[in-house]
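# Working through the structure, step by step
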Amino acid sequence: MDTPETILRLEGVTKVYGSGERAVTALYEVSLQTHAGEVVLVMGPSGSGKTTLLTIAGALLRPTSGTVHVCNTDITRMGENALASIRREKVAFIYQSFNLLEALTALENVSLVTTPGGLNGATPQERAKEVLGTLGLGQRLNSLPKQMSDGEKQRVAIARALAKDPALMLADEPTANLDAKRGHEVMELLRQKALETNKAVVIVSHDHRIRDIADRVVRLEDGRLQAES
Ligand SMILES: Nc1ncnc2c1ncn2[C@@H]1O[C@H](COP(=O)(O)OP(=O)(O)OP(=O)(O)O)[C@@H](O)[C@H]1O
Ligand SMILES: [Mg+2]
């Protein structure tokens, strides 16, 4: 079997916010690799550097030192325009608070970012409809966010991420606004869909209840990454 493609590679990543007496080292020499078809869960207490790690992985923040590769491209010293196209083409984020546009329906929220095409040349709307359907939201296409439950909203956010068809999906505390059962269900769905389409997924969370959906769990403590058994 072919070795799966490495999608994200962080090597010796250190991030220091601020300078002088106020400097905070949020990440210290963190190295992490994920490949296509793998779900990695990064756990750690509040302030341990989880969001910082995800933001660097998603090309939204530069490390102070170390290197970041996304899809075998070194993005560490890329210019802003090139970074913006990495974010547009390779990465999708899923947030704790869903970040849906309140004035738009589920279908509109997803089709807005959907890449047209695929083998059958579907329009963004058709693709968005299809992805929402596979996440069990076929009856919710025309609902506004305020008319949906939190679990449904998070599924719309996952549909939006999947419909963009990125190599790398990054989720920051995606279950924080969901009850335990709903949180687990939604993450299980994310795992299934991501694996079917061969994405690399990094989820950061302190929710122990979703450990079993990950292929690998690593732990951040004060900005240092350690493998977990
Ligand atoms: N923009 C910033 N400027 C200065 N310090 C920051 C900034 N962002 C984060 N920090 C600090 O870096 C450390 C790591 O923060 P980060 O947000 O990555 O933690 P986290 O693990 O995501 O925490 P939480 O679970 O509360 O979301 C913290 O000490 C935080 O105060
Ligand atoms: Mg955070």
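The present account deals with the structure reproduced in this document. (Residues numbered from 1 in each chain as written. Chains lettered and ligands numbered in written order. Predicted model: local features only at pLDDT ≥ 70, side-chain atom pairs only at ≥ 80, totals over all residues. Heavy atoms only, no water.)

So, about the sheet that holds strand β3 (residues 38-43). The strands that make up a sheet are held in pairs by hydrogen bonds between backbone atoms, and each pair lies either parallel or antiparallel. With mixed pairing, six strands are arranged side by side in an open sheet as β6-β7-β8-β3-β9-β10. Across the chains shown, the open sheet's two edge strands, defined by having one partner strand only, are β6 (91-95) and β10 (224-227). If you compare each strand with its neighbour and ignore which way they point, the axes differ by 20° on average. In this sheet, strand β8 (residues 200-205) lies alongside β3 in parallel orientation, the contact comprising six bridges. Considered in β8, the bridge of Val42 is made with Val204. Strand contacts of helix α2 (residues 80-90): β6 and β7 (168-172), with the helix running at about 70° to β6, the strand carrying the most contacts. (Pairing = 2+ DSSP bridges. Helix = DSSP H or I, 4+ residues; strand = E, 2+ residues; numbered from the N terminus. Axes fitted to C-alpha atoms, helices over the stretch in contact; angles between N-to-C directions. Contact = heavy atoms within 4.5 Å.)

Scanning the entire structure with this criterion turns up 13 salt bridges. A salt bridge links Arg216 to Glu38, with the shortest nitrogen-to-oxygen separation between them at 3.0 Å. Note that Arg216 is positioned in strand β9 (residues 216-221) and Glu38 in strand β3, a separation of 178 residues in sequence. Classification of Arg216 by relative accessible area gives partly exposed; the value is 28%. On the basis of relative accessible area, Glu38 is assigned to the buried category, the value being 8%. Several salt bridges converge on common partners, so that one network encompasses Arg62, Glu80 and Arg87. (Salt bridge = Lys/Arg side-chain N within 4 Å of Asp/Glu carboxyl O. Buried < 20%, exposed > 50% of the residue type's maximum accessible area, 1.4 Å probe, protein only.)

Close contact between helix α4 (residues 124-134) and helix α5 (residues 150-163) brings their axes to 9 Å; oriented N to C, the two are set at 130°. Put simply, α4 runs oblique to α5. Between α4 and α5 lies a crossing whose hand is right-handed. On α5, the residues touching Arg127, Val131 and Leu132 of α4 are Val156, Ala159, Leu162 and Ala163. A class-by-class count of the residues in the contact of α4 with α5 yields six nonpolar, no polar and one charged. (Parallel < 35°, antiparallel > 145°, perpendicular 65-115°, else oblique. Left-handed = near helix turned anticlockwise from the far one by under 90°. Nonpolar A, V, L, I, M, F, W, Y, C, P; charged D, E, K, R; others polar.)

Close contacts around ligand 1 come from 13 residues, with Ser46, Gly47, Lys50, Thr51 and Thr52 the closest. Contacts to ligand 1 include Gly47, whose backbone N or O atom sits 2.8 Å from an oxygen atom. One of the backbone nitrogen or oxygen atoms of Ser48 is found 3.2 Å away from an oxygen atom of ligand 1. Ranked by residues supplied to the shell around ligand 1, first place goes to helix α1 (residues 50-57) with three residues. (Near = heavy atom within 4 Å. Polar contact = N/O pair within 3.5 Å; in protein donor to acceptor, adjacent residues only side chain to side chain.)

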